[in-house]
Amino acid sequence: MNGDNGAPAEIRGLLDERTEARASRDWDRADALRDRIADLGWEIQDGPRGSTLRPLLPVEPTTTGYANPDDLASLLDQPSAVAASVQVVAEDHPDDLRRLLEGLAAHPPSVSWELIVVANAPSFELEPIAAIALGVEPTTLRTSERLGWADSRTLGMRRSLGEVTVLLDTSIEPTGDLLGPLVGAFDDPTVGLAGGWGVTSGDGRQFVDAPAGEVDAVEGYCLAVRRAALRTVGGFDRRFRFYRNADLDFSFAVRDAGWRAVRTEALPVVRHEHRGFLSLPEAERDRLSKRNFYRFLDRWRDRPDLLLHGDDR
């Protein structure tokens, strides 16, 4: 039986057609229908019990059934309007989101900024949290079905109007002006990516925590990207539905485009428990992490030139 996961009737009908094409071994038509379904914002998963659907961020705005088409249109070709766009994702754990936003309210940024909240089919009502006095009116992008980690972040990044876009995980609690130092890192015109945590390749065999300065990759807990660099790479690879190693892949894409990545000096933040890490059993977390790391390796294993210690690979 085909699972529809809230997909509209048009998508379910296309999935049924594809099932029939597969049954008759018409693989060309089955592939064409898969591509058509992806263009409409849905991804097919084939399994022993049939094919199921899950939401997928389309490249171009379209009627998906789970999001307002206007919210899917990219603004990255427009000029920047503020120094920084802060993007957060609301899914579960409302107290974590509240803590982050209250930290921003208590320590107002020293630069012009906007807030984009991706309400990724959240399990709680946003209205009480939206009442926090931030000094800016949040832009809320709502989905009725939950996008994967990469797609939900890319959705917010597409809608940003900042010269710098800052991704903040809800495990982060600002204790001072967070945006000032982050935006300041981009005074160097060669920097395309900056953040509070970064890694280098160490001995060439594994990535290790790095001190302030140039790094191989910026970690996604607090990741800031220059608008020009974001315009070039477009966002995260949609295949990273789980968060781990998506930041490695994105960092290498930015650096492959000719930019440097840096870890800032210590930022005024406290980092709390990361819910994405704790939400899964250890075995499942390890499985998904390894799968994502193999995706990263498949793309970048032949690019030692992108490693700061590439000669030691």
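Here the structure is shown first, and the text comes after it.
Residues numbered from 1 in each chain as written. Predicted model: local features only at pLDDT ≥ 70, side-chain atom pairs only at ≥ 80, totals over all residues. Heavy atoms only, no water.

A. Focus on the packing of aromatic side chains. Under the counting rule described, the total for this entry stands at 10 aromatic pairs. A ring pair is formed by Phe242 and Tyr243, whose centres lie 5.0 Å apart and whose planes are at 65°; its orientation type is edge-to-face. Residue class for Phe242 comes out buried when judged on its relative accessible area of 11%. With 5.9 Å between their ring centres and 55° between their planes, Phe252 and Trp300 make a pair best called tilted. Taken as a pair, Phe252 in helix α8 (residues 246–256) and Trp300 in helix α10 (residues 282–300) lie far apart in primary sequence, 48 residues in all. Overall, Phe252 belongs to the buried group, its relative accessible area being 1%. Through successive ring pairs, a cluster of aromatic residues spans Phe207, Phe252, Phe293, Phe296 and Trp300. Stacked on the ring of Trp197, the Lys or Arg Arg271 has its end atom at 4.8 Å from the ring centre. The ring of Tyr221 has Arg271 lying over it, and the distance from NZ or CZ to the ring centre is 3.9 Å. (Phe/Tyr/Trp six-rings, centres within 6.5 Å; stacked < 30°, edge-to-face > 60°. Buried < 20%, exposed > 50% of the residue type's maximum accessible area, 1.4 Å probe, protein only. Helix = DSSP H or I, 4+ residues; strand = E, 2+ residues; numbered from the N terminus. Lys NZ or Arg CZ within 6 Å of the ring centre and 35° of its normal.)

B. Summary view of the packing of α8 against α10. Direction vectors running N to C along α8 and α10 enclose 20°, while the axes themselves pass 10 Å from each other. In terms of their interaxial angle, α8 and α10 are classed as roughly parallel. Our pair here, α8 against α10, has a crossing hand that is left-handed. Seen from α8, the contacting residues are Leu248, Asp249, Phe252, Ala253 and Asp256; seen from α10, they are Phe293, Phe296, Arg299 and Trp300. The class makeup of the residues in the contact of α8 with α10 is 6 nonpolar, no polar and 3 charged. (Axes fitted to C-alpha atoms, helices over the stretch in contact; angles between N-to-C directions. Parallel < 35°, antiparallel > 145°, perpendicular 65-115°, else oblique. Left-handed = near helix turned anticlockwise from the far one by under 90°. Contact = heavy atoms within 4.5 Å. Nonpolar A, V, L, I, M, F, W, Y, C, P; charged D, E, K, R; others polar.)

C. Quick peek at the environment of Leu280. Structurally, Leu280 is set in the loop between α9 (275–278) and α10. Every residue in contact with Leu280, bar those within four places of it in the chain, is listed here: Phe242, Arg285 and Leu288.

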